[in-house]
Amino acid sequence: MRIIPVEPAGTPIPDSTEERPPLIRRTEVVAFALVALLIIVTTGLLYVAKPFFLPIVTAFVIGTMLSPAATFLERWRLPRPVCAVLIVGLALVTVGFMVALISVPVIEWSSRLPELGGLLRDKLSFMEKPLGLWRQLQASVGGSEATPSAPIQMPQIEWMQPTLEFVSPTLTEFLLFLVTLVLFVASWKDLRRALVMNFGDRDARLRTLRILNELEMSLGGYLLTVTTINLCYGAATGVVCALAGMPNPAALGALAAILNFIPIIGPSVMFIILTLVGIVSMPTLGAALIGPLGFALLTFVEGHFITPTIIGRRLELNALAVFIALAFWTWLWGPMGGFLASPLLIVGLVLKEHLMPADAPHLPGTKDRG
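Quick caveat, the model's predicted, so the values are computed rather than measured.

Parameters at a glance
Residues numbered from 1 in each chain as written. Predicted model: local features only at pLDDT ≥ 70, side-chain atom pairs only at ≥ 80, totals over all residues. Heavy atoms only, no water. Axes fitted to C-alpha atoms, helices over the stretch in contact; angles between N-to-C directions. Helix = DSSP H or I, 4+ residues; strand = E, 2+ residues; numbered from the N terminus. Left-handed = near helix turned anticlockwise from the far one by under 90°. Contact = heavy atoms within 4.5 Å. Nonpolar A, V, L, I, M, F, W, Y, C, P; charged D, E, K, R; others polar. Phe/Tyr/Trp six-rings, centres within 6.5 Å; stacked < 30°, edge-to-face > 60°. Buried < 20%, exposed > 50% of the residue type's maximum accessible area, 1.4 Å probe, protein only. pLDDT = per-residue confidence, 0-100. Core = buried A, V, L, I, M, F, W, Y, C linked by side-chain atoms within 4.5 Å.

Things to note about the packing of helix 2 (residues 50-74) against helix 7 (residues 171-186)
At their nearest, the axes of helix 2 and helix 7 sit 8 Å apart, and the two run at 35° to each other. The interaxial crossing formed by helix 2 with helix 7 has right-handed handedness. In this structure, helix 2 contributes Pro-51, Phe-52, Pro-55, Ile-56, Thr-58, Ala-59, Phe-60, Ile-62, Gly-63, Thr-64, Ser-67 and Ala-70 to the contact, and helix 7 contributes Glu-173, Leu-176, Phe-177, Thr-180, Leu-181, Phe-184 and Val-185. The residue makeup of the contact of helix 2 with helix 7, split by class, is 13 nonpolar, five polar and one charged.

Structure representation (C-alpha cells):
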C-alpha cells in the first residue's frame, strides 16, 4: 500500500507561472456597493435640501477664502468680529456695484423687449430658408409638423420670471448665507483650534492642521488671483465693446467679469449675449460680429496663457476634471453650483493629497512614470 506524504499545515503553495485575473473578494464588492450607495444618498440629500445646504456650503467656502484677509486685519489690533463685518461688507459693496452697472441697461432693454425682438427677427430673416429646410427634414423623419415658411419665433417675455427665480436666491437663502458667512469668518480661529484638538493622536493633529492651512492658503489664493484676473478681463471686455461701437460697454464688461467666475459656461453665455447685442445694435452683420470675435480672442488668450501663467502649477486644474465638476455642481445647484465647482475641486484635491499621500501603494509599472 502506497503512503502519500501529507504536507504540514501552513505550507505555502508554490507560485504558478500561469497568469490569472485578480480575484475580487466579496468584501471588496460590498465595500464598493456601500460607497456607491453613500454617494447616491448624499447627492439626493444635497439636491432635495438645496435651500439649506447651498447657502451653508457657499458661506463655508467663501469664508475660508476671506479668512486670510481677516487675519491680516487682526494685526492692526482689530477684533475678529469687526474684521469679519468689514470684509463681508466690502465684498457686498463690490458685488452691489457690479450688479448696479448691469441692472440699469438690463431694465432699459427689458422694457424694449418686444421692439428688440422684432428688430432681431428682421435682421435674422436670412436664416428663414435654412430653418425652413430644417423643419422639412424634421417633418420627413416623423417630427412635429411645421410650416416651412413660418417666420423665426422669438422668445416671449414669460421666460424672464423663471430665469430670475433660477439665477437669484430667495431672501431666506441670502440671509442664511450672510449670517453664516459673518459668523464663520469671525469664529474661524476657534473652529480651527477645535478641529485640531478634536484628535487625540499627535500625528492626526498635525495632519489636520496641515490640511486646514493648505485649504485656507489655496482657496484664499484662488479667490484673490481669480478676482484680479476677472476684473482685468471685464475691463478688457469693456474696451473691446467700446472699440466695436456696442452700447453700454461698462455694463457688458461688468457682466463678463461676473460670468467669468463660472468656467466654460460663463464665457460661452457672454459670447451669445454679445452676439445678440451686436446684431440688434449694429447696422450690418459684419459690424455686429466685431465685438463677439474680439471677445472670443480675448477669452482664448486669457484661458490658455494668462490664467495658467499667473495661477501656476499649484492651482492648475485638469480641464476634464473641471468640466465634470462644473457639469455636476451646475446640475445639482444651478449657477451658484457652477461658481463653487472649482473651489470644491480644490478642496477635494487638497484632501486627496494629505489623506492619500504620494508614497501610497501604486499599480505595477506606474510608480516611476512621469
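Some points on the packing of aromatic side chains
Within the structure shown, the criterion is met by 10 aromatic pairs. Ring geometry for Phe-328 against Trp-329: centres 5.1 Å apart, planes inclined by 80°, an arrangement best described as edge-to-face. A relative accessible area of 16% means that Trp-329 is categorised as buried. Here Trp-329 and Trp-333 contribute two aromatic rings whose centre-to-centre distance is 5.3 Å and whose plane-to-plane angle is 45°, an arrangement assigned as tilted. With Trp-329 and Trp-333 both in helix 14 (residues 319-333), this residue pair falls four residues apart, about one helical turn. On the basis of relative accessible area, Trp-333 is assigned to the buried category, the value being 2%. Pairwise contacts between aromatic rings join Tyr-47, Phe-328, Trp-329, Trp-331 and Trp-333 into one cluster.

Things to note about helix 10 (residues 249-259)
Most of helix 10 sits out of view: eight of its 11 residues are buried. The complete set of buried residues in helix 10 reads Ala-251, Leu-252, Gly-253, Ala-254, Leu-255, Ala-256, Ala-257 and Leu-259.

Some remarks on the confidence of the model for the protein chain
Confidence along the protein chain averages 80 in pLDDT terms, with 74% of residues attaining 70 or more. Counted against residues more than four places away or in other chains, residues 363-370, with its pLDDT under 50, gives one contact.

Details of the environment of Tyr-47
With respect to the helices and strands, Tyr-47 occurs in helix 1 (residues 26-48). Separated by 284 residues in sequence, Tyr-47 and Trp-331 have C-alpha atoms that sit 9.2 Å apart. Each residue touching Tyr-47, except ones within four places of it in the same chain, is listed here: Trp-331 and Leu-332.

Side note on the nonpolar core
Ranked by size, the top nonpolar core spans 32 residues in total, and within it Ile-62, Leu-181, Trp-329, Trp-333 and Leu-340 carry the most contacts. Examining the composition of this core, we find that seven residues originate from one element, helix 2, more than from any other. Aside from chain neighbours lying at most four places away, what touches Trp-333 is Leu-46, Lys-50, Phe-53, Leu-54, Val-57 and Leu-340. Ranked by size, the runner-up nonpolar core spans 20 residues in total, among them Leu-274, Val-277, Met-282 and Phe-295.

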